[in-house]
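Examining the three-dimensional arrangement
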Amino acid sequence: MTVDRSPVKPVALYPARPHVIYLAWGFPPAAKSCAYRMLATANAFYRMGWDITVVTLTEDAWRREYGVDHSLAALVEPGIDIVRLPLLREDLETDIRRYSHRRASEPAAWLAEHRREDERDFPEPVFGRWRGPLTEAVFALHRKRPADLVLASATPYTFFAPALDLHDEHGVPFVLDYRDAWAIDIIGDRPAFGPDSRPGRIEATLMAAMSEAWFVNTPIRDAYAQLYPRRAADLHVVRNGSDLALGTDTIPIRPPTVGAGLVFGYLGTVTFPPERTRAICQAWQAARRRNDVLARSQLVFRGHLGAGSAKGVNAHASIIDEFREDGITYAGPIDKGATAALYASWDVLVLALVGGRYVTSGKVYDYISTGLPVLSVHEREHAATEVLGDYPLWVAAESLDVDDITRAFITAAEVALNASDDDRRRARDYAHRFERYAQIEPAVQRISATLAPGLPTRAGSAERRPDGLGARSIPTNPAHEGSPAGARRQTVVAVATTVPSRPVQVGMERLRTTGARVVLVLPQRVDLAGVDLPVDETILVPDRWAPVRVDPRHRPVRWSPRWIVVVATNLTRKVARRTLRRFRSRPESFASSVRRHPGAHRAMSRADIITALDQGAVYPVWLVGRSRRRAHLVNGVGPTLDLLRRSGG
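Residues numbered from 1 in each chain as written. Predicted model: local features only at pLDDT ≥ 70, side-chain atom pairs only at ≥ 80, totals over all residues. Heavy atoms only, no water.

**Here's the deal with the nonpolar core**
This is how the line gets drawn: In this text, buried Ala, Val, Leu, Ile, Met, Phe, Trp, Tyr and Cys residues form a nonpolar core when linked through side-chain atoms within 4.5 Å. Each residue's exposure class comes from its accessible area (1.4 Å probe, protein chains only) as a fraction of the maximum for that residue type: buried when under 20%, exposed when over 50%, partly exposed otherwise. By the criteria applied, helices consist of DSSP H or I runs no shorter than four residues and strands consist of E runs no shorter than two, each listed in order from the N terminus. In what follows, residue pairs with any heavy atoms lying within 4.5 Å of each other are defined as contacts.
Counting 89 residues, the largest nonpolar core has Phe-45, Trp-50, Ile-52, Phe-174, Leu-176, Tyr-178 and Tyr-224 as its most contacted members. Considering every element that reaches this core, the biggest residue donor is helix H1 (residues 34-47), with eight residues. Contact partners of Ile-52, with chain neighbours within four places excluded, come to Val-20, Tyr-22, Ala-42, Phe-45, Tyr-46, Ile-80 and Asp-81. Counting 63 residues, the second largest nonpolar core, distinct from the first, contains Ala-279, Trp-284, Phe-323 and Tyr-343.

This is the structure:
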C-alpha cells in the first residue's frame, strides 16, 4: 500500500472542535511519574480548544504495579473523555487463583515463555502483546469520531504503533512524545538497537511519517537529530516541569529546628540499583558519626519499592531496614496531592538518580520548587545538572563513593542550617521558569497553529492562580492503617519454603499491625534456631518422603520388628522420592506434604487469606487453595497488605 508522506494540511477546525486521540499509558490515577506529564498535556490541549480522548488503562492495571493515586484525578479537566482498556500485565498478577498449573508449578519457565510471546506482535518486552487491542481501540474511536491528530506517549513504545497504523490507513497526522529515547539505552549510555534490527526499522518508519517528536532534554534531542538528520527540524525539547499547582512552591519558609535535628528526604520510585541504596545508607551512617546535628537527624525514603509480588519487600527495603538504628526509615508511597505537606516537613531533599547525560528525571523540578536544599547523589555528567546548575541551594556529591556522599551529607546539613529566608525565596523563584505547563503549552500552541489556526481557547476552563497556573483542591487517598473498631480479626496463613527475608518479616509485622492473625507454614527441614519470626503461630510440615531418622544412641536391634519397619519405610520412600523427582518438582512435593498435614490443613480451612511468601510456595498455595473457595490466594506479602487495607482490616 502506498502511503502519502506529503506535508499535513490544516483542517477546517472552527466552529467544529478538532479531535485529538491521546495514547497515554500512565494517565491518572496511575501512581507513575509519567502521569503528571500526561495530565498536563491533556489539559493543555483541552484548554487550547481541542476535544481530547485519552486512551489509557484501567485502575486494576495500576493496582498490579505501583498502585493508584486518586488525588491526580481532581486535576483532570472535566471535559476530557477517557477510554480505559483492560490491558493487564499478567506477569504482575498476584491473585494465585488466576494462575495456570504451569505458572504455579514452574514460574521461571512460564515467565520465559511469556516474555517470548511479548514481542510477537511488536518488538518490545512486556508490552508488545498489546499492539492488537490498542490498534483496534484507536480505529474504533476514529470510526465513532474521526481524529484530526494522534498524540502517542512512550514508554511503552508499543503505544506508537496505533498512531502509525491510523496514519497509514487514514492519513491522520501524529506526534510522538518520546520523553526519553527508544534507540538509546539512556541508563547505560549506549545504543539500544541497530538501524537494521526490527525495532530500528519500525522507528525509521515512525520518524519518516510523524509530524513532530518531543524529548525531555537537549542531549536526547540532539542524539536523535544525529540519528535522523532529515527530521532534525521536527524534533523538539518539551521538558518535564514542577507541578506548582500542587502548592510545592508555597510551603512555609522556616529555619530548621536544630535541637530536634534535620530531616533528609527522598521521594520517588526507587529505580537505581540496590548498591546505590547501600552507599547512601552507609554514607548517612558515617556522616552521623562525624556531625552532631546529623547524629540526631533522620533520613526518610518515601515512594514505591517494587511491583507485583515484590511490592514493598525488595532488596532496597531490606537494605533500608538494616540501617534503621541509624535513623533511616521507609514510610511507603504518598499521594501527589500530599507532596507539598510532606516537603514542608523536610529540611533537605535527596536526589538519587540513575543514568547520566540523557536522564533528567521528573522529581528534580518539584524539588527545586520547594526552595529547600537539594543534595544530588548521581553521576556528575547528568542531564539533571541542566536544571540544577544555577539553583542557589544545590549540593552535589563529587562521586558515588561512600566517602564523597558522606561529605555531601555534612555539607547539605550546613547549607540547611545557614541558608537565610531570602536564600530560600531566591531558590524557589528560580523554579518558576520550569513550571510544567510553561513547558507543555508552547508545544501545544505550535501544533494548534499548524493544524487549527484561529482556534479559540476555552476560557475559564480552570481556576487560575495569580501566576497563571492551574489550581484546585486536591483530595488524598484515605489511609487504611489498623483495623476499624469492631472489625473481625482476619487470619492470614503465610506459606514459605525458606526462612522469610528481613523485608518480608517487616511486611508480616505490618500485617499484624493491621489486626490480622498471621500463621506461618514452613517445611520442617528449615532451621529456625535464633530466628524470632513476627507471627502468631508457626506450623512445621514434615517431608512425607524424607528418610526416617533414628536416634544414634538408641538404634533398633538388627532384624528386630522396629528395625524392619524403619528399613522398609526408608526403602519405600527412597524409591518414591526418585519417582517423584522424575515427574514432580520440589514445590509439588512440598505441596503434597502441606495438603496432607493436619495442622496446615486446619489453618488453611479457617484462613481469610493464604499468601505465598516466595516462589517455591506459590504452587502449594495454588494447589491447597483450590478447595478453599472463600480464602483469597495472594502472591507476596505487599499485595496481601494492600488487600487487607482495601477490605478495611
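Still more ground to cover, so stick around.
**Some points on the environment of Leu-23**
Residue placement: Leu-23 occurs in strand E1 (residues 19-24). Its relative accessible area of 0% is what places Leu-23 among the buried residues. Beyond its immediate sequence surroundings of up to four residues, Leu-23 is in contact with Val-55, Val-138, Val-150, Leu-151, Ala-152, Ser-153, Phe-159, Pro-162 and Ala-163.

**Brief notes about the sheet that holds strand E16 (residues 491-495)**
To keep it simple, the criterion reads: Strands were regarded as paired on the criterion that DSSP finds at least two bridges between them. In this analysis an axis means a line fitted to C-alpha atoms, helices contributing only their contacting stretch, and an angle means the value between N-to-C directions, from 0 to 180 degrees.
Spatially, E18-E17-E16-E19-E20 is the arrangement adopted by the five strands of the open sheet, whose pairing is parallel. The open sheet terminates on both sides in strands that have one partner only, identified here as strand E18 (537-541) and strand E20 (632-635). Put simply, the sheet's adjacent strands are angled 20 degrees from each other on average, direction ignored. As defined by bridge partners, strand E19 (residues 609-612) adjoins E20 across four bridges and the pair is classed as parallel. By the bridge assignment for E20, Thr-611 is matched with Val-634.

**Notes on unusual backbone geometry**
Here the bond from Ala-154 into Thr-155 is cis, since omega is -10 degrees, no more than 30 degrees from zero. Take Thr-155: it is sitting in the loop between strand E4 (149-153) and helix H6 (161-170). Residues Thr-155 and Pro-156 are joined by a peptide bond in cis, for which omega reads 5 degrees. One can find Pro-156 in the loop between E4 and H6. One non-glycine residue, Trp-559, adopts positive backbone phi at about 70 degrees. Summarising the element assignment, Trp-559 is placed in the loop between E18 and helix H19 (561-583).

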